[in-house]
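Topology and contacts: notes
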Amino acid sequence: MKMFSDAIKHELVFLPALGMGRYPVPDARPYDDAYFARYQRMAATPTGEALTAARIRLVARHWSGAVLDVGIGAGQFVEARPQTWGYDVNPAGVVWLKARGRWRDLYRDRHDALTFWDALEHIDRPDVAVAKARQWVFVSIPVFENADRILHSKHFRKDEHIWYWTHDGLLRWFARQGFRCVESNDAESQLGRDGIRSYAFRRVTV
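Residues numbered from 1 in each chain as written. Predicted model: local features only at pLDDT ≥ 70, side-chain atom pairs only at ≥ 80, totals over all residues. Heavy atoms only, no water.

A few words on the overall build of the protein. A count of helices and strands for the protein gives nine helices and nine strands. Rg of the C-alpha trace for the protein: 17 Å, near the compact-globule value of 17 Å for 206 residues, within the 12% margin. Principal-axis analysis of the C-alpha atoms places the extent of the protein at approximately 55 × 40 × 35 Å. When burial is assessed residue by residue, the protein has 47% of its 206 residues classed as buried. Considering only residue pairs separated by 6 or more positions, the protein has 57% of its internal contacts joining residues 24 or more positions apart. Counting only carbon and sulfur atoms, one obtains 55% of the accessible surface of the protein, whose full area is about 10,500 Å². Of the side chains in the protein, 30 bear a positive and 25 a negative charge, and the two mean positions are spaced by 5 Å. (Helix = DSSP H or I, 4+ residues; strand = E, 2+ residues; numbered from the N terminus. Rg over C-alpha atoms; globule rule 2.2 N^0.38 Å. Buried < 20%, exposed > 50% of the residue type's maximum accessible area, 1.4 Å probe, protein only. Contact = heavy atoms within 4.5 Å. Areas by Shrake-Rupley, 256 points an atom, 1.4 Å probe, with all protein chains shown as cover. Lys, Arg positive; Asp, Glu negative; His and termini not counted. Charge placed at Lys NZ, Arg CZ, Asp CG, Glu CD.)

Every buried residue of helix α8 (residues 167–176) is listed here: G169, L170, W173 and F174. Seen from one end, α8 has its buried residues packed into an arc of 130°, which puts them on one side. Close packing links the buried residues of α8 with β2 (20–22), α6 (126–130), β6 (133–142), β7 (163–165), β8 (179–185) and β9 (196–203). (Arc of directions from axis to C-beta.)

So, on to the pairing of β9. Counted residue by residue, β9 has six buried out of eight residues, so it is predominantly covered. Bridging between β6 and β9 involves seven bridges; their strand directions are antiparallel. Residue S140 lies in a different strand from β9, and its bridge partner there is S198. In this sheet, β9 lies alongside β8 in antiparallel orientation, the contact comprising six bridges. Opposite E183, over in β9, you have A200 as the bridge partner. (Pairing = 2+ DSSP bridges.)

This paragraph deals with helix α2 (residues 33–43). Residue pairs three or four apart in sequence face the same way in an α-helix, which turns once every 3.6 residues. Turning to α2, its buried residues number three or more, namely Y35, F36, Y39 and A43. Each buried residue of α2 lies within a common arc of 100° when the element is viewed along its axis, so the set occupies one face. In α2, the exposed residues that point more than 90 degrees away from the buried face are D33, A34 and R41. On its buried side, α2 packs onto α3 (46–60), α4 (76–80) and α5 (91–99). Sitting at the amino-terminal end of α2 is D32, which places a side-chain oxygen 3.2 Å from the backbone nitrogen of A34. (Polar contact = N/O pair within 3.5 Å; in protein donor to acceptor, adjacent residues only side chain to side chain.)

Turning our eyes to something else, we now look at the sheet that holds strand β1 (residues 13–15). Strand order in the open sheet made by the three strands is β1-β2-β7, with antiparallel pairing throughout. Looking at strand neighbours, the two that pair on one side only are β1 and β7, the edges of this open sheet. Each strand axis lies, on average, 15° off the axis of its neighbour in the sheet, ignoring direction. Sheet topology note: the β2/β7 ladder contains three bridges and is antiparallel. Among the inter-strand pairings, M20 is bridged to a residue of β7, identified as W165. (Axes fitted to C-alpha atoms, helices over the stretch in contact; angles between N-to-C directions.)

Turning our eyes to something else, we now look at unusual backbone geometry. With a phi close to 55°, Q83 is a non-glycine residue in the positive phi region. As for its position among the elements, Q83 is in the loop between α4 and β4 (84–87). Phi is positive for D118, close to 55°, though the residue is something other than glycine. With respect to the helices and strands, D118 occurs in the loop between β5 (111–117) and α6.

The next thing to look at is the nonpolar core. In terms of nonpolar packing, the biggest core is built from 34 residues, with F116, V137 and F174 touching the most fellow members. Secondary-structure elements contributing two or more residues to this core are β3 (67–70), β5, α6, β6, β7, α8 and β9. For this core, the leading source of residues is β6, giving four residues. With residues up to four places along the chain from it excluded, the contact list for F174 reads L120, V130, V137, V139, F179 and F201. Grouped together as the second largest cluster of nonpolar side chains are 10 residues, V67, F77, A113 and W136 included. (Core = buried A, V, L, I, M, F, W, Y, C linked by side-chain atoms within 4.5 Å.)

Have a look at this one:
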């Protein structure tokens, strides 16, 4: 049926058996100077500072070495944590990183630990991205009970968010990438964010 095949190309597709959904975000995305500036303003608030501190503590519970932060927001995590570099597709973020000598190319090499703070759902091929981690992947991400919750959530962003997971779906997806979840918490939701969970995944297969 043409109506069904057209909807798959333009609407959210959610597979309950996988606990995973995809929305076909257009190639033109809002990553520019204004986007970077908005995240700078949010990072400078008490909540933004508390979120950065919670993320630093999550990583510190499992890993003390170098980290590559993928999708840096306004660079707050890179700036706050020693031995941290960044990768971004926003030209403003790239300029910020290179001016501070903190730029690294995610896809050129492998990295001991990667962080994706509100970033994994933006990436066209998250499987390729997490494959670049030798040991650890740390994530904060919206999680949903079902497709209806996605459609009525403020996190359903048709110009940014490609991927959507349930909690169990995310764990299964990471298991297929060769990672085991060693921590899951709702610290960011406790700080006022709606439906956000944080995770530490350790590689168990090469």
